[in-house]
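Close look at the chain arrangement
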Amino acid sequence: MSRTFGAVFLLACALPSFADNLATEWMDRVTHEVQQQEGPLSTRPVDFHLYGGVYGYYTDNLFLANNRDADGDSAVIGLARARIDYVDSQLEISADAMVNFDYYMEHHEGREDEERFFGKIRWTDGVVDLQLVEIARRESDPIDAVFADRVRRVVTDTFPRAGVRFAELFKLEAFAQIETVWFEHDDFDGRENESVRGGVAFLGDITPTIAIGAEAGLYGIHYRDEDTTNSAEGAFVRALMRGEPLSKLLIEVAAGWGGIRSDDPDDPDDRKRTRSTFDAELHVRWEATSTITIFFDYTRRYGFAGFGDPYQHIDRGVVIAEWQVFEKLKLRGRGQYDYVHPSQSQARTFWAGTLSASFQVFENMTVEGGVIYRGGNQRGVSGDNYDNWIFYLGVVFGF
């Protein structure tokens, strides 16, 4: 297979947008880089970039409270970012670090510094392909239905992957995701956990640009406060397809069965409570024209919950459209919808829409502005809805 889905998800070196919002836009970029890349590497010299900027920011619901209790505030956000990339014929190394400080004018408790790091190392000789990715975040901003509270937390995700190609048309892969979640506020101790999801996949090339196969694996969720929440474990089996069915349309899809079980707190015999669901993910990148690119990502799987819920199934869809109107002007639209159903509690939702524009004033200076409208339901109770308007304008310098 000459090129797979992951080969196109490389970060561009142009001045980036940051406030869309900081956590969301940064995660969009680096999660696309986690995708597996196959094929030979192209040697490039060391590429190093520094960025710094400042934004003016207004939100009408800082803590995503019920609309009756919403409280807004203005903020000044300062940020700094560094990026380095190195590629030779067999080795690829990337690192991306970003720091920001949010200074809210009225709510001192909302003033936070946030740090994020992405690192990737890949080695290949054409037969064996090894990759390790690390994403670490110390942040407080609510970004989705899983992290819907404004609370300081540290989240680390480690993605090891190894692949071996044999008989020219076939490949065997082993992969994993190891995640730890830690909150700095004692009220959230019941959600702190370590979770692991790993498995093996077998793929075969059916055309020069498309591979199909299957994967299977196990996962586990283990809470640090086991007196509050029972651990859970499960398994999954999915069919796979990766490739480029049409020119400039890259797709990766996996779909199948996922099951999970945990101790039933209401069963005096300590028997396990077992459930199953449709387990799937879909990733699409489409270069609709020479200036318009569309991304679509959907996942459905079990994940951690806490506060008495051993697990929850999470549905998430994200669509991103980028339009390079002309050389210096770029427009970006983003939509997200999350549906989270804990094992025992009520279901919750989260949605967000963003429109932003960036204009490169000079070679090293970009001005960006946008609007975000987001909302949802934190506790699954009728009348407990919230929504939030965010407006921002800023300038970023890059070298």
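Fair warning: this is a prediction, and the values are worked out from it, not measured in the lab. (Residues numbered from 1 in each chain as written. Predicted model: local features only at pLDDT ≥ 70, side-chain atom pairs only at ≥ 80, totals over all residues. Heavy atoms only, no water.)

Attention shifts here to the overall build of the protein. Helix and strand counts for the protein come out as 1 helix and 18 strands. Buried residues in the protein amount to 51% of all 399 residues. For the protein, the proportion of contacts with a sequence separation of at least 24, taken over those separated by at least 6, is 57%. When the accessible surface of the protein is summed, it comes to about 17700 Å², and 61% of that surface belongs to carbon and sulfur atoms. (Helix = DSSP H or I, 4+ residues; strand = E, 2+ residues; numbered from the N terminus. Buried < 20%, exposed > 50% of the residue type's maximum accessible area, 1.4 Å probe, protein only. Contact = heavy atoms within 4.5 Å. Areas by Shrake-Rupley, 256 points an atom, 1.4 Å probe, with all protein chains shown as cover.)

On to the environment of Thr 207, then. Among the secondary structure elements, Thr 207 is positioned in strand 8 (residues 193–207). Along the chain, Thr 207 and Gly 243 lie 36 residues apart, while their C-alpha atoms are 9.2 Å from each other. Within the structure, the side chain of Thr 207 is placed 3.0 Å from the backbone nitrogen of Ile 210, a separation counted as a polar contact. (Polar contact = N/O pair within 3.5 Å; in protein donor to acceptor, adjacent residues only side chain to side chain.)

Attention now moves to the side chain of Arg 150. Along the chain, Arg 150 falls in the loop between strand 5 (128–139) and strand 6 (153–166). Classification of Arg 150 by relative accessible area gives buried; the value is 16%. A distance of 3.0 Å separates the side chain of Arg 150 from the backbone oxygen of Leu 62, its partner in a polar contact. A distance of 3.0 Å separates a polar atom in the side chain of Arg 150 from a polar atom in the side chain of Asp 141.

Before going further, it helps to examine the confidence of the model for the protein. Considering every residue of the protein, the mean pLDDT works out to 87; 89% of them sit at 70 or more. Overall, residues 2–20 carries pLDDT values under 50, and its contacts beyond four positions in sequence, including any with other chains, amount to 69 contacts. (pLDDT = per-residue confidence, 0-100.)

Moving on, we come to unusual backbone geometry. The residue Lys 248 is not glycine, and still its phi comes out positive at about 70 degrees. Considering the arrangement of structural elements, one finds Lys 248 in the loop between strand 10 (232–246) and strand 11 (249–263). Located in the positive-phi region is Phe 307, a residue other than glycine, with phi close to 55 degrees. Judged by its relative accessible area of 45%, Phe 307 is partly exposed.

Within the fold, Glu 252 resides in strand 11. Residue class for Glu 252 comes out buried when judged on its relative accessible area of 13%. Engagement of the side chain of Glu 252 in a polar contact is seen with the side chain of Arg 242, the distance being 3.3 Å.

What follows concerns the environment of Ala 235. As for its position among the elements, Ala 235 is in strand 10. What makes Ala 235 partly exposed here is its relative accessible area of 22%. Residues Ala 235 and Leu 218, spaced 17 residues apart in sequence, show a C-alpha to C-alpha distance of 4.2 Å. Residue contacts for Ala 235: discarding those within four places in its chain leaves Gly 217, Leu 218, Tyr 219, Trp 257, Gly 258 and Gly 259.

With that settled, consider the nonpolar core. Counting residues in each nonpolar core, the largest one holds 31 residues, and the members touching the most others are Phe 147, Ile 260 and Phe 304. Taken together, the elements giving at least two residues each to this core come down to strand 7 (170–183), strand 8, strand 9 (210–223), strand 10, strand 11 and strand 16 (348–362). Looking at this core element by element, the count peaks at 4 residues for strand 9. Beyond its immediate stretch of four places on either side in the chain, Phe 147 contacts Arg 137, Pro 142, Arg 153, Val 155, Val 181, Phe 183 and Phe 304. (Core = buried A, V, L, I, M, F, W, Y, C linked by side-chain atoms within 4.5 Å.)

As enumerated under the stated definition, the model contains 38 salt bridges in all. Between Arg 116 and Glu 114 there is a salt bridge; the shortest N-O distance is 3.0 Å. On the accessibility criterion, Arg 116 (3% relative accessible area) is buried. Judged by its relative accessible area of 2%, Glu 114 falls in the buried class. Across the pair Glu 322 and Arg 332 runs a salt bridge whose closest N-O atoms are separated by 3.4 Å. Of this pair, Glu 322 sits in strand 14 (residues 312–326) while Arg 332 sits in strand 15 (residues 329–342), and the two are 10 residues apart along the sequence. The burial state of Glu 322 is the same as that of Arg 332; both residues are buried. (Salt bridge = Lys/Arg side-chain N within 4 Å of Asp/Glu carboxyl O.)

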